[in-house]
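Notes for the structure review
As a plain string of letters, each chain reads:
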Amino acid sequence: QVQLVESGGGLVQAGGSLRLSCAASGSIFSINAMDWYRQAPGKQRELVATITSGGSTNYADSVKGRFTISRDNGKNTVYLQMNSLKPEDTAVYYCAAELRISIVTIARRYWGQGTQVTVSS
């Protein structure tokens, strides 16, 4: 079984920073892309940032220049450093990983349980 566990969410004032972590554990053969998504109340889940196994990154326009995604392949962990936070960044943040559990299986996406980020004005 595979688990993705997020941590690091919380309440912060506008302009502040938070660092989210997401560790993948279990029967993992390889991990391709790792992503952060978020879902605000009443809105659809949106992709915030993604990082490939080689370290290439991509960001939603709304977070470019403020958020940084990184990963530690040895620890199967992805991070999201969030700076200059705004009230509109308030959401539940989910990590996702496209991974294979064995050499003979195809990659599929696994999700974490989510962590709440609240930015007060």
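For the structure, see preceding data.
Conventions used here
- Residues numbered from 1 in each chain as written.
- Predicted model: local features only at pLDDT ≥ 70, side-chain atom pairs only at ≥ 80, totals over all residues.
- Heavy atoms only, no water.
- Pairing = 2+ DSSP bridges.
- Helix = DSSP H or I, 4+ residues; strand = E, 2+ residues; numbered from the N terminus.
- Axes fitted to C-alpha atoms, helices over the stretch in contact; angles between N-to-C directions.
- Buried < 20%, exposed > 50% of the residue type's maximum accessible area, 1.4 Å probe, protein only.

1. Comments concerning the sheet that holds strand β3 (residues 18-26)
Within a sheet, adjacent strands bond to each other through the backbone by hydrogen bonds, running parallel or antiparallel. In space, the four strands of this open sheet follow the order β1-β3-β8-β7, with antiparallel pairing throughout. For this open sheet the edge positions go to β1 (2-7) and β7 (67-72), each flanked by a neighbour on one side alone. Going across the sheet, the axis of each strand differs from the next one's by a mean of 15°, ignoring polarity. Bridge count between β3 and strand β8 (residues 77-82): six bridges; the pairing is antiparallel. Across the sheet, Leu18 pairs through a bridge with Met82, a residue of β8.

2. Considerations on unusual backbone geometry
Although it is not a glycine, Asn76 adopts a positive phi angle of roughly 50°. Within the fold, Asn76 resides in the loop between β7 and β8. The class for Asn76 is partly exposed, based on a relative accessible area of 24%. Despite not being glycine, Ser84 has its phi angle at roughly 50°, a positive value.

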